[in-house]
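For reference, the chains in residue letters:
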Amino acid sequence: MTEIASPYISHPRILVLGVQPGTPPFRIVEIDGEVVGEAKAVTDVLSAAAAYGITVHDLDDPDVVRWVGGDKFTWTLH
């Protein structure tokens, strides 16, 4: 297999896990593999990133943020 034929796997610094039950529901945020807090809205993700010196220009860029269990619009349990 050549390098061109191998799949690209991104390893973003920010990982937002699936929605957890709570009042209100929240998502756990990891930065550089460490849990840094919980987010109740997308602005909380941006605040956590900024606190670690990460500027996010595009929340849909898989090289920047990985959303697990939903996208940036998923903030409630289904």
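### What to know about the environment of Gly22
- Structurally, the position occupied by Gly22 is in the loop between strand S1 (14-20) and strand S2 (26-31).
- Residues Gly22 and Gly69 lie 47 residues apart in sequence; the distance between their C-alpha atoms is 16 Å.

### Details of the pairing of S2
- Within S2, five of the six residues are buried, leaving the element largely enclosed by the surrounding structure.
- Linking S1 to S2, which pair antiparallel, is a turn of five residues.
- Summarising the sheet, S2 and strand S3 (residues 34-39) pair through five bridges and their orientation is antiparallel. Paired with Ile31 across the two strands is Glu34, which belongs to S3.

### A short note on the sheet that holds S1
- What the four strands build is an open sheet, ordered S3-S2-S1-S4; its pairing is mixed. Each end of this open sheet is capped by a strand with a single partner; those strands are S3 and strand S4 (65-67). Neighbour-to-neighbour, the strand axes of the sheet open up by a mean angle of 25 degrees, direction not taken into account.
- Pairing between S1 and S4: three bridges, direction parallel. Bridge pairing in S4 places Leu15 opposite Arg66.

### Side note on helix H1 (residues 42-51)
- For H1, the set of buried residues is Val45, Ala48 and Ala49. The arc enclosing the buried residues of H1, seen along the axis, measures out at 100 degrees, which places them on a common side. Opposite the packed face of H1, turned more than 90 degrees from it, sit the exposed residues Ala50 and Ala51.
- The elements touched by buried residues of H1 are S1, S2, S3 and S4.
- One or two residues past the end of H1 sits Gly53, with phi positive at roughly 75 degrees.

What counts as what
Residues numbered from 1 in each chain as written. Predicted model: local features only at pLDDT ≥ 70, side-chain atom pairs only at ≥ 80, totals over all residues. Heavy atoms only, no water. Helix = DSSP H or I, 4+ residues; strand = E, 2+ residues; numbered from the N terminus. Buried < 20%, exposed > 50% of the residue type's maximum accessible area, 1.4 Å probe, protein only. Pairing = 2+ DSSP bridges. Axes fitted to C-alpha atoms, helices over the stretch in contact; angles between N-to-C directions. Arc of directions from axis to C-beta. Contact = heavy atoms within 4.5 Å.

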